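These are the residues of each chain, in order.
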Amino acid sequence: MRWTETLAIGLLEVAPDAIVVSDGDGVIVFANAAARAMFGDDELVGASVDVLVPPVNPPMVERVRAYLSASHPDRRQGQPLRAIRRDGTLFSVEITLSVVEGHLVAVLHDLSAQSGVDRARSLLASIVQSSHDAIISTDLDGMVLSWNPGAERLYGYTAGEMLGRSKDLIIPPSRRSDEAEIRAIVAAGGRVDPYRTVRLRADGTVFTVSILVSPLAAPDGSTIGVTTTTRDISERERAEAQMQAVIDAAPDALIGIDETGRVALVNTQAERLFGYPRYDLLDMPVRRLLPDGAQAEGWSGPAARHRDGTLVPVDITHSVLRTDEGVIELAGIRDVTERIAARAEQERLRAEAQRQMDEVRLQRTQRLESLGQLAGGVAHDFNNLLAVILNYAEFIVEDGAGTPFEEDARQILRAGQRGSDLTHQLLAFARREVIRPVPLDVNRVIAEVEQMLTRSIGEHIELNTALAERLPSVVADPGQLEQVLVNLAVNARDAMPEGGRLTVDTGTVTVDEDHPLTRDGFKPGLYVRLRVSDTGTGMPRDVQDKAFEPFFTTKPSGAGTGLGLATVYGIVVQAGGTVKLYSEPGLGTTITILLPASDAEPQAVAGSTGPEPAAGRGQTVLVAEDEEALREVTTRILGRGGYTVLAASDGADALEVAAAHEGPIDLLLSDVVMPGMLGRVLAERLRQARPDTRVLFMSGYAQPVLTSNGILDPGVHLVEKPFTGADLLAAVAEQLTP
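This text gives an overview of the structure that appears in the document. (Residues numbered from 1 in each chain as written. Predicted model: local features only at pLDDT ≥ 70, side-chain atom pairs only at ≥ 80, totals over all residues. Heavy atoms only, no water.)

Bringing empty space enclosed by the protein into the picture now. Applying the stated criterion to the full structure yields four cavities of 30 Å³ or more. Taken as a whole, the largest cavity holds about 90 Å³ of empty space. When contributions to the lining of the largest cavity are tallied by element, the ones reaching two or more residues are helix H15 (478-494), helix H17 (564-574) and strand E22 (588-598). Partitioning the lining of the largest cavity into residue classes produces nine nonpolar, two polar and one charged. (1 Å grid on protein atoms, 1.4 Å probe; cavity = no way out; pocket = protein on both sides within 12 Å on 5 of 7 lines; lining within 4 Å. Points joined across faces, edges and corners; volume = space filled by probe spheres on them. Helix = DSSP H or I, 4+ residues; strand = E, 2+ residues; numbered from the N terminus. Nonpolar A, V, L, I, M, F, W, Y, C, P; charged D, E, K, R; others polar.)

Written as structure tokens, this is what we have:
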């Protein structure tokens, strides 16, 4: 080693400042005596530079590699660093860096060894030197006194180029008078708030900066100059301009609220909403725009106050934005005036649609009710005629046995019976049919008629059933429920001439207050659902609208009566239920029936056969019937049955006949509907005079003696027209049985 190298190493060894040299891998290759003493470690050479800093700090090895591999100044001075001694003591150093032949030379100055003033001054100088902002000091005439590395980077001038020169070099000519005014304010002891302005770079570029101004004081406290801290906000300004453009394009009003509750940011929609220009809105107290507790008419949410004092209904969403100036609360404000108007219009249209639907339902109900009254009246007169025809035909069969007339009379009987079936269907639709409801298991009824349904629909149609378990019972007339199933099956068969599938399934439906059926007057509760679906031709809308009307049919003439669905409708409604139809042309039809569920135990359906009625023993029967032909045939049946008959043409005539008869009257057989006096009134008056007389009504239209549910009033007995002689004699014998 040459004596010059030895001398250099010796000088470094005895230098008062700590000197540490590391290679490109962060390994210490030299540490002088001051460095070893500073860190309390005589074995620094060969160690990693990471031993110089606390473990919680980022690894120094990576920082050394990054510094050596990147572009850097020849000398970097005044960098603060937190260091650690071998014994774990932490202390602060100021470090100056330089690069020599690929090695990093660090000169460290222990700040903790300085006096308090020196340490503060050194730390301040270190902060100024390491600041990313441009920190410049000038005298009161604008001559540059200090120029930190941040200023070199920002303006493109070195400290050597600017020290002692006028600061006007970096100020555009149009702004130099402003700068002179600021220096005058500072010299007079005034305060200058942070402000934005523009500056010049060495290459002539004009850019936007944010400047913080503070006085430069002498040791005696007098102001000798100005210190400015300058930050390039060109990018920020562009970003703010872009953000402003974005928020101005927003469809809703947007405002930013600072920590003092004042408006710091607005967009174009906010100007429109509040009626103020942007410059008036900025710095305005937000509670002036969004008063607490204010409510607009017809809106329960918040309200915004317009410049003219009008309260505008709004929706508000909040978010928080953290900025260099502090926390900004962002409020998105949407004017909901149009939404409220649209909602009101929707409600109006919905109410109008509901009103129209209610009118359609009411018209349909009234139409069906009118048809029902018409059908009931027709059935009454028709039943009287049928009763006469059927019974006189029976007389011919009985009296003309073995003669050619017997077969003719039987043909009359068969035709009359078909007529009788039609009148019963009319009465069922009109809900004038006498029903005898009992608790029923719908699944059991389906099972009992399943074989009959299979025969009715034919082999070309597949019948499937899906019956829910533990189905509640319903209260209905078993014969009528069977008729519903048969009618629906026959209708489905006719809709599937090429074959298909008929499905009958059951289940339950709970109707609550919000269910659509409640608008039709349906009571909330549990209902049993009976659904019959087919894969037939389906129905177009115009057919669906008339499907439940009597005598309406799409079948060819002579192929149907048009009473199938009408009868179903009447039976279901009379049982307290409802029936709905859904159909798509080409896909099929589904009929859904809902019947009120009952807690009663279901009963088995009793057979209708019984013993032959006993013949009369001369008991007296008073017959009151306004239809002469029917009165005569009734009298003849009873006479042939062994009874003594008194005949009357109406109620008043019957009372006169009874008053003139000296013997007992065992039974009053009265038509229900007669001119002048109903059969029920006749029975009441007659029993006042003859309390032992029993009463049997006969009618093809029994409404006056039925309850609202179609059930006979308690104690009322009825034989339905058209009746046969056997039906009448059986009913009379039953009434006269003690």
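Taken together, the buried positions of helix H3 (residues 60-69) are occupied by Met 60, Val 61, Val 64 and Tyr 67. Buried residues of H3, viewed axially, fall in a sector of 130°; they line one side. (Buried < 20%, exposed > 50% of the residue type's maximum accessible area, 1.4 Å probe, protein only. Arc of directions from axis to C-beta.)

With antiparallel pairing, five strands are arranged side by side in an open sheet as E12-E11-E15-E14-E13. Among the strands making up the open sheet, the edge pair consists of strand E12 (263-266) and strand E13 (303-305). Strand-to-strand twist of the sheet, defined as the mean angle between neighbouring strand axes without regard to direction, takes the value 40°. With five bridges connecting them, strand E11 (residues 253-257) and strand E15 (residues 326-335) associate as antiparallel partners. Across the sheet, the residue bridging to Ala 253 is Ile 333, located in E15. (Pairing = 2+ DSSP bridges. Axes fitted to C-alpha atoms, helices over the stretch in contact; angles between N-to-C directions.)

What follows concerns the packing of aromatic side chains. What the rule picks out here adds up to three aromatic pairs. Summarising the aromatic geometry, the rings of Trp 147 and Tyr 155 are spaced 5.6 Å apart at their centres and angled 45° between planes, so their arrangement reads as tilted. Three or more aromatic residues joined by ring pairs make a cluster, and in this case those are Trp 147, Tyr 155 and Phe 207. Across from the ring centre of Phe 91, 4.0 Å away, lies the NZ or CZ of Arg 85, which sits over that ring. (Phe/Tyr/Trp six-rings, centres within 6.5 Å; stacked < 30°, edge-to-face > 60°. Lys NZ or Arg CZ within 6 Å of the ring centre and 35° of its normal.)

Moving on, we come to the side chain of Glu 625. Tracing the sequence through the fold places Glu 625 in the loop between strand E23 (620-624) and helix H18 (628-640). Here the side chain of Glu 625 touches Glu 627 through a polar contact of 2.9 Å, landing on its backbone nitrogen. (Polar contact = N/O pair within 3.5 Å; in protein donor to acceptor, adjacent residues only side chain to side chain.)

The next thing to look at is the pattern of salt bridges. Using the criterion set out here, one finds 21 salt bridges in the structure. A salt bridge links Arg 541 to Asp 545; the nearest nitrogen and oxygen atoms lie 3.9 Å apart. On the criterion of helical spacing, the pair formed by Arg 541 and Asp 545 is a turn pair, its members being four residues apart in helix H16 (residues 541-546). Given the relative accessible area of 56%, Arg 541 is considered exposed. Look at Asp 545 and you get partly exposed, because its relative accessible area is 41%. Because the salt bridges share partners, they merge into one network encompassing Lys 167, Glu 179 and Arg 199. (Salt bridge = Lys/Arg side-chain N within 4 Å of Asp/Glu carboxyl O.)

Quick look at the sheet that holds strand E8 (residues 195-200) now. Taken together, the five strands give an open sheet; going across it, the order is E7-E6-E10-E9-E8, and neighbouring strands pair in antiparallel fashion. If you trace the sheet from one side to the other, it starts and ends with strand E7 (144-147) and E8, each paired once. When strand polarity is set aside, the average angle formed by the axes of neighbouring strands in this sheet is 35°. Where strand E6 (residues 134-139) and strand E10 (residues 223-232) come together, six bridges link them in antiparallel fashion. Bridging across to E10, Ala 134 finds its partner in Thr 230. Sheet strands in contact with helix H7 (residues 176-187) are E6, E8, strand E9 (206-217) and E10, and its direction is about 130° off that of E10. (Contact = heavy atoms within 4.5 Å.)

The subject of this paragraph is the packing of helix H19 (residues 651-660) against helix H20 (residues 679-689). For the pair H19 and H20, the least separation of the axes is 10 Å and the interaxial angle reads 20°. As the angle between them shows, H19 and H20 are arranged roughly parallel. The interaxial crossing formed by H19 with H20 has right-handed handedness. Contacts between H19 and H20 involve Gly 651, Ala 654, Leu 655 and Ala 658 from the former and Leu 682, Arg 685 and Leu 686 from the latter. Grouping the amino acids of the contact of H19 with H20 by side-chain chemistry returns five nonpolar, one polar and one charged. (Parallel < 35°, antiparallel > 145°, perpendicular 65-115°, else oblique. Left-handed = near helix turned anticlockwise from the far one by under 90°.)

Attention now moves to H18. The end-to-end C-alpha distance of H18, which contains 13 residues, comes to 18 Å, matching closely the 18 Å that a straight helix rising 1.5 Å per residue would cover. A positive phi of about 95° marks Gly 642, the residue just after H18. (Expected span 1.5 Å × (residues − 1).)

Looking now at a nonpolar patch on the surface. Taken together, Phe 382, Leu 385, Ile 389 and Ile 412 make up a surface patch of nonpolar side chains, about 330 Å² in accessible area. Tallying contributions element by element places helix H12 (residues 337-399) first for the nonpolar patch, with three residues. Along the polypeptide, Ile 389 turns up in helix H12. (Patch = residues over 30% accessible without salt bridge, like charges linked within 9 Å, V, L, I, M, F, W, Y side chains within 5 Å. Areas by Shrake-Rupley, 256 points an atom, 1.4 Å probe, with all protein chains shown as cover.)

In this section: the pairing of strand E20 (residues 525-534). Each regular strand displays side chains that alternate between the two surfaces of the sheet. Most of E20 is tucked away, with seven of its ten residues classed as buried. Alignment of E20 against E22, held across eight bridges, turns out to be antiparallel. Each bridged residue has a counterpart across the sheet, and for Leu 530 the counterpart in E22 is Ile 593.

What follows covers the environment of Asp 335. Note that Asp 335 resides in strand E15. Classification of Asp 335 as partly exposed rests on a relative accessible area of 41%. Along the chain, Asp 335 and Asp 252 lie 83 residues apart, while their C-alpha atoms are 7.5 Å from each other. Setting aside residues up to four positions removed in sequence, Asp 335 forms contacts with Leu 273, Val 312, Pro 313 and Val 314. A polar side-chain atom of Asp 335 sits 2.6 Å from a polar atom in the side chain of Thr 337.

Okay, the side chain of Gln 735 next. Secondary-structure assignment places Gln 735 in helix H21 (residues 725-736). Each residue touching Gln 735, except ones within four places of it in the same chain, is listed here: Leu 667, Arg 694, Val 695, Leu 696 and His 717.

This part covers the nonpolar core. The biggest cluster of nonpolar side chains holds 38 residues, and the ones touching the most others in it are Val 442, Leu 488, Leu 502, Leu 530, Leu 565 and Ile 593. Setting aside residues no more than four positions away along its own chain, Leu 502 makes contact with Ile 457, Ile 461, Glu 462, Leu 463, Asn 464, Ala 489, Ala 492, Met 496, Val 532, Ser 533 and Asp 534. Among the nonpolar cores identified, the runner-up in size contains 25 residues, and Ile 28, Tyr 67, Leu 104 and Leu 108 belong to it. (Core = buried A, V, L, I, M, F, W, Y, C linked by side-chain atoms within 4.5 Å.)

Keep in mind these values describe shape, not function.
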